[in-house]
Amino acid sequence: MDTKKKIDEIKELLGEHNIWRKEECLNLIASENTTSPSADNVAVSDLSHRYAEGKPHQRHYQGLKYVDDIEVLTQELMKEVFKAKRVDLRILSGTLANAVVYKGLLNHGDNIISSAIPNGGHVSHTRHGICSIMGLTDFSFPFDNYEMNIDVDESIKKIDEKDPKMLLFGASLFLFPHPVKELVDAAKEHDAYIMYDAAHVLGLIAGGQFQDPLREGADIMSASTHKTFFGPQGGIVFGGESIDDEEWKNIENAIFPCFICNHHLHRLPVLAQAAYEFTQYGEDYAKQTIKNAKTLGEELYSLGLDCMAEHKGFTESHQVVVNVEKNGGGKHVAETLEKNNIILNKNFIPGEKVTKENMNNPNGIRIGVQEMTRCKMKTDEMKQIAELIKKVVVDKKDITEEVKEFRKNYTETGFC
Ligand SMILES: Cc1ncc(COP(=O)(O)O)c(C=O)c1O
């Protein structure tokens, strides 16, 4: 294929992707969202051509007199939304946000306690990800499979045993708020930092409907800016009252010059627009998202699917988790749903053992409703989604056209 044909094909594929995912699919991946038309309007600009190493008004490059003000105003908006003393927006992803905190606050050889992957932990909280290159040894919080949460009493024992320098809360599979308050004293006894990875729940926190880590005892909060928070793809770190100037400086130095030189400036106005939208619509959005997730859980359960945590109302976040072992396993179910334009991901479920054999075929699927909520879907639509999922997973029907027909009524972005 010649080069012209290749670029033409790429453009065609892009067009097809846009129609497929934005108009024809039910997007239920728990880590995705869509930006608003106002955010999209400021997403393409000259900023994507520029460099800005360093902090606002202390740059190593010229030409940034407007960028400096844009960055400072965006910081102010984000601090306001999260009532945070400090923020740094220069981080390109949630994974890197975790890395800069480890680098800024911890030393090689330190122990940390975080959640194991089947219990919701992210790979960046473990030796399988950046912990190993940072020389950290990760231990897992004991987990209560019935409560679907960190076991507080057992964790206190583990903290005494492992003498960690950091307790890391927050997760990828994240149904219920983590016991931050309950473990503050144990952390203090060991002089351990409390870090909260809000990648998944940042928008729910912004809307005041999940937990409020910085008020519950977290010293530092990292996140992605594009999951329940509908900003551009990127990362962020917030510092709480307990972080002193020197500790914050160490984090800033871990960002630049250590991990990130240019921080992809075109993200800034998009993030600012998202922050503004959260000041106006964040509470309604977070409430509707959680209500939708609960309804989806109830409906799936009543249709015979093993939606987990029924005794706890299924969820208090944007996610529900279904054990699909009896339906053919996570891989089969996720792939079959994809063929029917229902997009979600396979997932380990709490208590499941990770082995070489099941690595690619865990027992669960994770469903996130935050994007479809943004597309103005409410509880009635969640009931319809549950029915559509059941038709594929239980009745083995092909319903692609039905899904397309349903989705085409929800292509506008709400809460903006
Ligand atoms: C809890 C948690 N932290 C960090 C990340 C990484 O975020 P990013 O994909 O922005 O690097 C994820 C990704 O989904 C996550 O679930």
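Residues numbered from 1 in each chain as written. Predicted model: local features only at pLDDT ≥ 70, side-chain atom pairs only at ≥ 80, totals over all residues. Heavy atoms only, no water.

A few points about the packing of aromatic side chains
Turning to step 1, where the next piece is worked out: Overall, the coordinates contain 13 aromatic pairs when judged by the stated rule.
Turning to step 2, where the next piece is worked out: Seen from their ring centres, Tyr285 and Phe415 are 5.2 Å apart, and the 65° between their planes marks the pair as edge-to-face. Taken together, the residues Tyr285 in helix H11 (residues 267-302) and Phe415 in the segment after helix H15 (400-407) connect sequence positions 130 residues apart. Neither residue differs from the other here; Tyr285 and Phe415 are each classed as buried.
Turning to step 3, where the next piece is worked out: Each member of the aromatic cluster is reached from another via a ring pair, and the members are Phe82, Phe229, Phe230, Phe238, Phe278, Tyr285 and Phe415.
Turning to step 4, where the next piece is worked out: Looking at Lys312, its charged tip hangs above the ring of Phe176, at a distance of 4.7 Å from the centre.
Turning to step 5, where the next piece is worked out: The ring of Phe230 is capped by Arg374, whose NZ or CZ atom sits 3.4 Å from the centre of that ring. (Phe/Tyr/Trp six-rings, centres within 6.5 Å; stacked < 30°, edge-to-face > 60°. Helix = DSSP H or I, 4+ residues; strand = E, 2+ residues; numbered from the N terminus. Buried < 20%, exposed > 50% of the residue type's maximum accessible area, 1.4 Å probe, protein only. Lys NZ or Arg CZ within 6 Å of the ring centre and 35° of its normal.)

What to know about the site of the ligand
Turning to step 1, where the next piece is worked out: By nearness alone, 13 residues border the ligand, and Gly94, Thr95, Ser172, Asp197 and Lys227 come closest of all.
Turning to step 2, where the next piece is worked out: Here an oxygen atom of the ligand and a side-chain polar atom of Ser93 are 3.5 Å apart.
Turning to step 3, where the next piece is worked out: Between an oxygen atom of the ligand and a side-chain N or O atom of His200, the distance comes to 3.4 Å.
Turning to step 4, where the next piece is worked out: Taken by itself the ligand offers 390 Å² of open surface, and the protein chains cover 85% of this.
Turning to step 5, where the next piece is worked out: A total of three residues in the shell around the ligand trace back to one element, the largest contributor, which is helix H4 (residues 94-105).
Turning to step 6, where the next piece is worked out: Grouping the constituent residues of the shell around the ligand by class yields two nonpolar, nine polar and two charged. (Near = heavy atom within 4 Å. Polar contact = N/O pair within 3.5 Å; in protein donor to acceptor, adjacent residues only side chain to side chain. Areas by Shrake-Rupley, 256 points an atom, 1.4 Å probe, with all protein chains shown as cover. Nonpolar A, V, L, I, M, F, W, Y, C, P; charged D, E, K, R; others polar.)

Concerning the domain arrangement of the chain
Turning to step 1, where the next piece is worked out: If you check the domain split of the chain, you get domain 1 (39-272) and domain 2 (281-407).
Turning to step 2, where the next piece is worked out: Between domain 1 and domain 2, the C-alpha centre-to-centre distance is 27 Å.
Turning to step 3, where the next piece is worked out: In this assembly, 23 residues from domain 1 lie in contact with 29 residues from domain 2.
Turning to step 4, where the next piece is worked out: Across the domain 1 to domain 2 interface the summed buried area is about 2,200 Å²; carbon plus sulfur atoms make up 68%.
Turning to step 5, where the next piece is worked out: Between the two partners, domain 1 and domain 2, sit one salt bridge.
Turning to step 6, where the next piece is worked out: Glu147 is the salt-bridge partner of Lys312, the closest N and O atoms lying 2.8 Å from each other.
Turning to step 7, where the next piece is worked out: Linking domain 1 with domain 2 are 11 residue pairs in polar contact (both at pLDDT 80 or more), by the criterion used here. (Domains from an automatic or database assignment. Contact = heavy atoms within 4.5 Å. Buried area = accessible area lost by both parts, 1.4 Å probe. Salt bridge = Lys/Arg side-chain N within 4 Å of Asp/Glu carboxyl O.)

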